Every structure is written in C-alpha cells, then in structure tokens.
Amino acid sequence: MPDPLFRLACAPTVLDSAPGDWVATMLEEGELALLADDGGMDAVTALAHALDLVVVPVLRAEQTPEQQEATVIAYAEAKPLVWIAPSFSENATQWAHKRGPMTLLIEAGGPLAADERKRVERFAVILGRQAE
C-alpha cells in the first residue's frame, strides 16, 4: 500500500473476534500498529497468523498510561487515527478533538463489537471520499 489513509492503534484482543475479511478490508486503506496487552507477544503473533501477516508493527510499551497515550499520539503524526483502548484520559480526548486530522477514539477493552466496527468502516469511507 503506497500511502495509508489512516492509522489504527489497538491491542490484539480488539481484533481477535472481528471477521477476518473485515480486518483485511480495513488494512487495504489503513496501517495497523498494535499495543501489547496482557497477551503479550503471543497475542500479537496469534493475530499476525490469523491475518496472514508476516510483519506487524508494535508500539513500544510505556511505564504509565500517560506515557502510553503520548506514544500513540506520536505514532499518529499528521495522519487520521483510529485509536481503540479501554479508556482515554481527558488529555487524549482533548488532543483528538483539537487536532486537524480526523480522529476516532473508541473505548473497548476486549473484542470490538459489531456497531463499533461499523463506526470504523464509516470513518474509512469518509476518508476515502475525501482522498478522491
């Protein structure tokens, strides 16, 4: 993929139960970076196998939630971002509202529900239309 329309940051468990074709479709337009969760590298590896990916970027782990949020914010750079996490601080929420590129924050500590997957799909469609 030459230039992704958006970046997706989440833990592997978020995508575990998503239909395989859904994740593949999102990755046609977006770039994935995983945040290690309690499953560690085993969960990252399992997801990589499920998606038939040889390489999966992993964002570095940080000591505090604030530092972890700062790392995701740095990863976002100037790209639109879909960020899925169990919760967001007020600082992260304000950052998302104030930044120029579109940002979608979804609170989910486990597998992404069908209605949340639809939100991500709409986000990607809007970005695709803007890129045309």
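This text follows the structure it describes.
Criteria and cut-off values
- Residues numbered from 1 in each chain as written.
- Predicted model: local features only at pLDDT ≥ 70, side-chain atom pairs only at ≥ 80, totals over all residues.
- Heavy atoms only, no water.
- Salt bridge = Lys/Arg side-chain N within 4 Å of Asp/Glu carboxyl O.
- Helix = DSSP H or I, 4+ residues; strand = E, 2+ residues; numbered from the N terminus.
- Buried < 20%, exposed > 50% of the residue type's maximum accessible area, 1.4 Å probe, protein only.
- Contact = heavy atoms within 4.5 Å.

Participant: Looking at this model, I keep getting lost on the pattern of salt bridges. Mind explaining?
Facilitator: Pairing of side chains with opposite charge becomes possible as their charged atoms draw close. Under the criterion given, the structure shown has six salt bridges. Residues R7 and E31 are paired through a salt bridge, measuring 2.8 Å at the closest nitrogen-oxygen approach. Of this pair, R7 sits in strand β1 (residues 6-10) while E31 sits in strand β2 (residues 30-35); the two residues are 24 residues apart in sequence, bridging distant segments of the chain. Classification of E31 by relative accessible area gives partly exposed; the value is 25%. In this structure, R7 engages E77 in a salt bridge whose closest nitrogen and oxygen atoms are separated by 3.2 Å. In this pair, R7 is assigned in strand β1 and E77 in the loop between α4 (65-76) and β4 (81-85), connecting sequence segments 70 residues apart. When salt bridges that share partners are traced, they join R7, E31 and E77 into one network.

Participant: Honestly, the environment of G109 in this entry has me stumped. Any pointers?
Facilitator: Among the secondary structure elements, G109 is positioned in the loop between β5 (103-107) and α6 (114-131). We classify G109 as exposed; its relative accessible area is 61%. Not counting the four nearest positions on each side in its chain, G109 is found in contact with T13 and P86.

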